[in-house]
Every structure is written in structure tokens, then in C-alpha cells.
Amino acid sequence: MVSGGMADCPVEKECLEWVHRYLKDCICSFRDEISLGLGLLSVLSWGIAEVPQIITNFREKSTEGVSLAFLMTWVVGDIFNLTGCYLEPATLPTQFIMALLYTFTTIILVLQTIYYDYIYTRRNSDEGYEKIASVGEKPKTADVDTVKKHSEQDNKTHEGGSSPSSSPPTTIINVPITRRASRGSESDVYYMSARSLASSHAPGIGSYMVGSRDRESGGSSGNHSFLRTTVSSSPQHSSVSRSSATQAGSLLRTAASSVLLVGSVAMTSTVLSGAIPSTPHNGPAKYFVFTGRRLLQQISVSHGRYSTHFPRRSFLGEEAVGPWGEIFGWCMAAIYMGGRLPQIHLNGLNPLMFVFALVGNATYVGSILVRSILWVTIKPNLPWLVDAAVCVLLDLFMWGGINRARYVSGVNASPRCASTTKQGVPLQVASALKDLQVVQDRKVKSELVRIGVLGASGYTGSEIVRLLATHPAFAVTVMTADRKAGQSLASVFPHLITQDLPNMVAVKDADFSEVDAIFCCLPHGTTQEIIASLPRSLKVVDLSAEEAVYGLTELHRDEVRSARLVANPGCYPTTIQLPLVPLLQAGLISKDGIIIDAKSGVSGAGRSAKEANLYTEIAEGMKSYGITNHRHVASFTSFPLLILAPHCAVPEIEQGLTQAVGSQVTISFTPHLIPMSRGMQSTIYMQMVNGVTVDDLRAHLKSKFEDEEFVVVLPKGVVPCTAHVRGSNYCLLNVFEDRIPGRAIVVSVIDNLVKGASGQALQNMNLMMGWPETSGLLQQPMFP
Ligand SMILES: NC(=O)C1=CN([C@@H]2O[C@H](COP(=O)(O)OP(=O)(O)OC[C@H]3O[C@@H](n4cnc5c(N)ncnc54)[C@H](OP(=O)(O)O)[C@@H]3O)[C@@H](O)[C@H]2O)C=CC1
Ligand SMILES: CC(=O)N[C@@H](CCC(=O)OP(=O)(O)O)C(=O)O
């Protein structure tokens, strides 16, 4: 603190020297100090809000859908802001610093957008194509071109070259290089940044929002934030969110236009007034007010106990400046406010950034008002005040509105709502959003997972290929077969003809150096040697359930996540253990007297030709098999229906149940073959512990699976049906009262080829590779 006497500061006051020296301002009273403190806090808050976005962009090597065109409006807003602050003497130094901060961050964002969106992504995509094409022979140029063309059109890649059967395989298939939504798409219009949400006078805040992006159109949703918007893989949900979005959209468009109009009117009135009454340069000084950049303007006014000194830019001169600072201020306010409304509509809010932005705006307003509430200083500052204050109000309003909209449409807007009801859409959407966040985190563009499918010519192998066709990051590069080695998959499975895949090869000829992970879909007993010969670096999910970490995903998720080798559960064990393990663990049912009546579609027996599986043998009838032979796998070998025998289902089931209770559990289990191609139902009869009711069982299962995507406990009385899970990874469960008091019946259905085999295998592999568990698995059941 120095005594008065500093040039341009009132001599009779003690003013802060460092502020005078570095900020060219006179802070000569406690009130001034508070104003300065608020101004600096405002700069700090916005600085904090800005930085994460910039760092995230660097880290993600992406600006995710930032539209350069929209960003340019910010550049214009920044120019108005900076110039306005510079010219308008009533503005504070901290306002000018803020304008500089916004300009600086906008420049960085523009550079990042240009680099990541136009240079980096393009280069990376090309590398992605090359990487996939590197197995076997190089694709023909035409193939690559086609790939690129499709990629650009669809924002996802599909193409590649397939080689003739005699040639080494070319493996450009289903390449999941995720591209940003095409330019000009709706989401592109909006910039995803904290500033655009909680913006004020000065644009540019780190992004705490996420763009809404349709999975199908973009694969990955850009988002750098904690919250996400209405991205849905569920048709029902999409329609809900789209309709509410449309209404909100028109409301916001109206609001945006209004803001622009208000800004324009205010600006026009300023121009027409032809003067800035607040800057009393036309008459004798009446007041002495400390405000503005005092070394730039020399106007002294005095009023009551306040005194301020308006520094006027000496090189322009007071007259030359005129109303331009204020006019530029209104331009800035119109641009910032008008451009921000649609952004809020499209994006979610990050609570932390929201707070920083709110504090930044509130302290910004505070710093001006605390310095002086005289009209002569408020009037020229109005554009900045209005912009900041309106943004604070809008943020609060939108914050409430977005949360309400999320709630209504079942989308989670905050972690607190993360476990909304399982029934129906909300959880699926939440899960999809979670997936998208992880996809983003894993940098979809550069991290392709190359998949080998052993036994691709079988039912479970081909089902894996079908599911992977929509996976955002897994691409099949090697497929094996035994008798059908050398053939194309399309010749063996015509329904997969659209998949451009390498020909199948014998296991011994497979090049595993081009593979990151393996699905082993070989018959039980053939796999151990093959798996042992694979490179140790490969992750493996084995559908023939050899020794490894047991991959009943919902019950062993943590072990699966860190495993290298996972034994995928059989289909019977999946339907049975999913309900029984939680009930036994909770002590709600007796471990004794469990009877299981299970039915499988014929695909459960695999594709190889067997007399017992002929249409004439299967159609119009139902057949039990493996009766009483469940205790020992070996006993099935002598059974006439060997080929249908649940080779290890019973030991596998009993092992899981025994582990759940800690003592031996023995079950009665009879599998049946029924004339349908896919589907499985287990009807399980059990004794409830004294005092426990069927409602208790259902409530427990409901709470156990509430957060699970793929296990659904149906409402009371609704009977699960295999036709309602066909082609999907869902397991439907329900509990019913038995006629015998104290006993309950659980019905559990799955598609044996999906949740019972390949779907669950993919679920596990997703976890093992660090991908969202639901990737490639959210397709709804086919019906009828
Ligand atoms: N089907 C189902 O619903 C379920 C199956 N499983 C398990 O999944 C595994 C695969 O079943 P699924 O797809 O139905 O069987 P399939 O009989 O349909 O397919 C078997 C695959 O393995 C290949 N193969 C057969 N023998 C050998 C061998 N000695 N060496 C290398 N490859 C060989 C076959 O090639 P090629 O056709 O050229 O001879 C074919 O690609 C089995 O362990 C099964 O128990 C688990 C749960 C459910
Ligand atoms: C119809 C038919 O043959 N189905 C097969 C089920 C395949 C399977 O999943 O076997 P696990 O459950 O034992 O692993 C079988 O009974 O062996």
C-alpha cells in the first residue's frame, strides 16, 4: 500500500501500488479491493473451467465435433469483447484480462480443432486402414477407396478387400475406425465446451458437456465430460428424447433469436444516443468515481463518499473513442448469448464446471457492481453485466430444465440417478452412455482390436462374427475351420455374405501375430492343445469351457476383467446359475430339492451332421436327453444321444451353486431338445427357507440385477418366453408361486447362441479388452 501521490490516482488516498503498476488501476479503498478480488476470482474460475477442455483435447487427440464455423462466431465475439473492453473506460482491468483469456483459449481451441479434426483424424484413419489391410495381401486400391468413401459417408467403416480363396487373406473387414459425425450435421453446429454452456461475456470454457450423438451415426459420442446427453441405442428411448428435444429445440431457437434481438436493440439505442452518458466527458465533473482503467482516462467526478477516476486512452483521445466500446460490448453480448442457448439444449452439464462457470460469472458481475453502482459506470458496463447476469440465470434455469428432462426421459443427468429402474429404457440408455464415455476414453480411432475366431464355421463361431459386425472396435482378422478350412464364410453361412472377411484357414495355418484376442468356438475336448499353442499375449474366451476364469459375466465380472483366459459358461449353466446363485447366496432358498427342467433349441448341439438332429428326428416332438446321467461327463459318452449330451453342464452348474453356498449342492437336472432352432428355457423348482415368500425372491433378484443390462426380472406374473430373447443377449427371469406351499418356481430364458454362448463371450471379451461390456450387444430381440 502506498500513500496517495501515485500518478493518476487520487493523492489523498492510499492505493495499492502493484495494482497501479501492473493493472493500471487505482485500488484505494476496501470496496475497491473487494471488487478487485472478485474480478480476479472471476478470471481464476474461468481459467479453471477452460483448462480441462484444452487438456482433454490434447489427451484425446480430438475436439469431438467442434464446428469450426461455430467457433468462428466466438472468435468474432472475442474480438468485440477485447476491443470493447479496451475502448470502454468504465470496464475494469479484470474484464480486459478475462477478454484476453477467452481470446487466448479460443485461439487454442481453433488450432486444436483444425489440427485434430482436419489433419490428425485424416492421417489416423489412413493408418487405421493400412493396419487392417496389413494382414495378408494389400487391398486393391479400389478397395481402399471404397473403404474411405463409405467411411466418410457413414461415419463408420465397413469395407475392405477379400482375397480369392487361394490367396493369403486380405482382412479389411468391419473396420471400426470411428469417424466424427459428418460435417454439417446438427451436432456439429454446436461447440462442446464449458464456455458455451455457462458462458458469459467471454467465451471459452473447458468443456463439461457432452454432445449428443446417435450411436448409429457416429459410433462414438464425443464427450469429455462427466455428464452426457441423450444418446440412445434404444429406439423407444430415441423417440422419447427426440421428441422432447424437438420441443426444447424450438423453444431455445426462439430464445436465442430473442437474445440476439435484445442485444441488437440495446446496441442500436446506444448508437442512436450518440454518447456514453456514463463517461462524463462532455461536461464538468460532477462525481469522483474510482472505476475503469484509470490511467487510460482522465475524468474526475465526485459523489458522496465514493470517488473514482476514469482513465481515458490517451492515444485515441476521449472524443475519438465515443460510444464504440459500449457498442462493441453489445455486439459481444449478442453473439455470446445468442450462440449459447442452443448449446445448452444439446449438451449436458458437468457439475464441477458448472459451478466454476457460475462463480466466474457471478464474481464478474460482482466485481463491477462492487466498484460502483452509479449509473455513469453501470451504463457503459451494461453489455458485460447483462451477458454475465443473463448467463447465470440461464445456467440455473437450464440446469434445472436439463435435469428434469433427463428424469422425464429416463436419461441420467447426474451420477445420483445412475441406477434408475431396470425395467425398460433408462438403464439401457445409461449403459449406452457409459459405453460411449469409455469408447471415447479408449480412443476408438486408434485402438482396433484384431479378433481371431477359432471354429468360425460352427454355430457359435458364426454367431460371434454376426455380433462383431456392429462392434465399434473389434475387427475379425483371422478365422479357422476344420473340414471347411479354405472356404469363405459366406459359402458356409450365406447370411453373412455382406461381411467382407478373410477365408477360413486350418488352425495350424492361422497367423496369430495379426491377432489381439481369440474366441475359441471349438468342440469340447479339442481346445486345450490349441489354446496352449497360442501366443501368451493373446486374450482368449473359450466357449468350450476349459479350465480358466469362469466367465458368467454378471457374477464374476471383476475376475473376468483382469483375466487372460476365460472359460465361457455353457448355455444351461447360464440360465440356471443367474437366478440360483443370488438366491442361494442370500439364504432365501434351500440348497436341497432343486429340480431343473431345461429345454434347448437344436442349435445347441452344434452344426455338425448328426442323425439325431435331422429334421425328421426333431420336428413335431420333444426329447429328453441325459436323464440321470448328469453327475459325470463320462457317463454321457455311452449315451445314445451323445451328441446332444450336456457334456459338462451338470458339474459346471453344481460347482457354481456349491461355491455360492459353501457346501455341496446337488441338483436334479433333465435337459430336453425341442424343435426350435435357437432358444433355451430352464424351469427351476426350489424350496424356500421358512418365512420367505415368492415376493422376497423376486425382490432380491430384482435388486441384484437392477443395474445389469442383460438380466431382466420381469414384472410379477409375466412369463418369460424364448421368443422374446431371440437373437439378443438378454436373459429374462421371473419367479412364481408353486402349488406346494413353501416352494417356488423360477423360469429363466435366453438365446442359447447369444447369452448362452457367443453374446456372453463377447461380453467377457469386451471387459477383458477394456471396452464397454455392452459393445456390439445391444440389439433387441427379433420377434416374431
Ligand atoms: N451351440 C451352442 O448353443 C453352445 C455351444 N457351446 C460350446 O461352444 C463350442 C462350439 O459349439 P458350436 O459352435 O455349436 O459347434 P459346431 O459344431 O457348430 O462348430 C464347431 C467348429 O469347430 C470346428 N472344429 C471341429 N473339430 C475341430 C478340430 N478337431 N480342430 C479344429 N476345429 C474343429 C468346426 O469346423 P468345421 O465345421 O470346418 O468342421 C466348426 O467350425 C462347443 O464347445 C460347445 O459346447 C456352448 C454353449 C452353447
Ligand atoms: C442341445 C444341446 O446339445 N445342447 C448342448 C448345450 C451346449 C452347452 O451349452 O453345453 P453346456 O451347457 O454343457 O456347456 C448340450 O447339451 O451339450
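Residues numbered from 1 in each chain as written. Chains lettered and ligands numbered in written order. Predicted model: local features only at pLDDT ≥ 70, side-chain atom pairs only at ≥ 80, totals over all residues. Heavy atoms only, no water.

- Looking at an unreviewed UniProt entry, one finds the chain named Semialdehyde dehydrogenase NAD-binding domain-containing protein and attributed to Marchantia polymorpha subsp. ruderalis.
- What UniProt records for the chain under Pathway (unreviewed entry) is the sentence "Amino-acid biosynthesis; L-arginine biosynthesis; N(2)-acetyl-L-ornithine from L-glutamate: step 3/4."
- The UniProt entry for the chain carries the following text under Subcellular location (unreviewed entry): "Membrane". (UniProt positions renumbered as here; feature names shortened; annotations may be inferred.)

### Overview of the overall build of the chain
For step 1, the next point in the chain: The helix and strand inventory of the chain stands at 23 helices and 15 strands.
For step 2, the next point in the chain: Sorting the 784 residues of the chain into buried and exposed places 58% on the buried side.
For step 3, the next point in the chain: Considering only intrachain contacts with a sequence separation of at least 6, the fraction spanning at least 24 residues in the chain is 70%.
For step 4, the next point in the chain: Of the accessible surface of the chain, which amounts to about 30700 Å², a share of 61% is contributed by carbon and sulfur atoms. (Helix = DSSP H or I, 4+ residues; strand = E, 2+ residues; numbered from the N terminus. Buried < 20%, exposed > 50% of the residue type's maximum accessible area, 1.4 Å probe, protein only. Contact = heavy atoms within 4.5 Å. Areas by Shrake-Rupley, 256 points an atom, 1.4 Å probe, with all protein chains shown as cover.)

### Looking at the sheet that holds strand S10 (residues 623-624)
For step 1, the next point in the chain: Taken in spatial order, the seven strands line up as S10-S11-S9-S12-S15-S14-S13 in an open sheet, and their pairing is mixed. A strand with exactly one partner marks an edge of an open sheet, and here the two such strands are S10 and strand S13 (711-713).
For step 2, the next point in the chain: Bridge count between strand S9 (residues 594-600) and strand S11 (residues 667-673): seven bridges; the pairing is parallel. Bridged to Ile594 within S11 is Ile667.
For step 3, the next point in the chain: Against the sheet, helix H22 (residues 694-705) engages strand S12 (680-687), S13, strand S14 (731-737) and strand S15 (743-750), with an angle of about 160 degrees to S14. (Pairing = 2+ DSSP bridges. Axes fitted to C-alpha atoms, helices over the stretch in contact; angles between N-to-C directions.)

### Concerning the site of ligand 1
For step 1, the next point in the chain: Residues in close proximity to ligand 1 total 28 residues, the closest being Ser457, Thr460, Arg483, Leu522 and Arg607.
For step 2, the next point in the chain: Between ligand 1 and the protein, one listed contact pairs an oxygen atom with a backbone N or O atom of Gly455 at 3.3 Å.
For step 3, the next point in the chain: A distance of 2.8 Å separates an oxygen atom of ligand 1 from a polar backbone atom of Lys484.
For step 4, the next point in the chain: In the complex, 86% of the free accessible area of ligand 1, which totals 900 Å², lies under the protein chains.
For step 5, the next point in the chain: Mapped onto the shell around ligand 1, the elements with two or more residues apiece are helix H14 (459-468) and helix H23 (754-768).
For step 6, the next point in the chain: Its residues assigned to classes, the shell around ligand 1 comprises ten nonpolar, 14 polar and four charged.
For step 7, the next point in the chain: Each of domain 2 (447-568 + 757-783) and domain 3 (570-636 + 649-752) contributes no fewer than three residues to the shell around ligand 1. (Near = heavy atom within 4 Å. Polar contact = N/O pair within 3.5 Å; in protein donor to acceptor, adjacent residues only side chain to side chain. Nonpolar A, V, L, I, M, F, W, Y, C, P; charged D, E, K, R; others polar. Domains from an automatic or database assignment.)

### Side note on the nonpolar core
For step 1, the next point in the chain: Among the nonpolar cores identified, the biggest contains 48 residues, and Ile451, Val453, Phe474, Met479, Leu489 and Phe519 are the most heavily contacted of them.
For step 2, the next point in the chain: Listing elements by their share of this core, those giving two or more residues are strand S3 (449-454), H14, strand S4 (474-479), helix H15 (489-492), strand S5 (517-520), S14, S15 and H23.
For step 3, the next point in the chain: A per-element tally of this core places H23 first, with seven residues.
For step 4, the next point in the chain: Apart from residues lying up to four places away in sequence, Ile451 is in contact with Leu468, Phe474, Ala475, Val476, Thr477, Val478, Val515, Ala517 and Phe519.
For step 5, the next point in the chain: Leu552, Leu583, Ile653 and Leu697 belong to the second largest nonpolar core, which has 45 residues in total. (Core = buried A, V, L, I, M, F, W, Y, C linked by side-chain atoms within 4.5 Å.)

### Here's the deal with the confidence of the model for the chain
For step 1, the next point in the chain: Per-residue confidence for the chain gives a mean pLDDT of 72; residues scoring 70 or more make up 61%.
For step 2, the next point in the chain: Here residues 1-5 scores under 50 on pLDDT; set against residues more than four positions off or in separate chains, the count is 16 contacts.
For step 3, the next point in the chain: For residues 404-430, every residue scores under 50 in pLDDT, and the model assigns this stretch 61 contacts once sequence neighbours within four places are set aside.
For step 4, the next point in the chain: Two numbers describe this predicted complex: its pTM, 0.53, and its ipTM, 0.96. (pLDDT = per-residue confidence, 0-100.)

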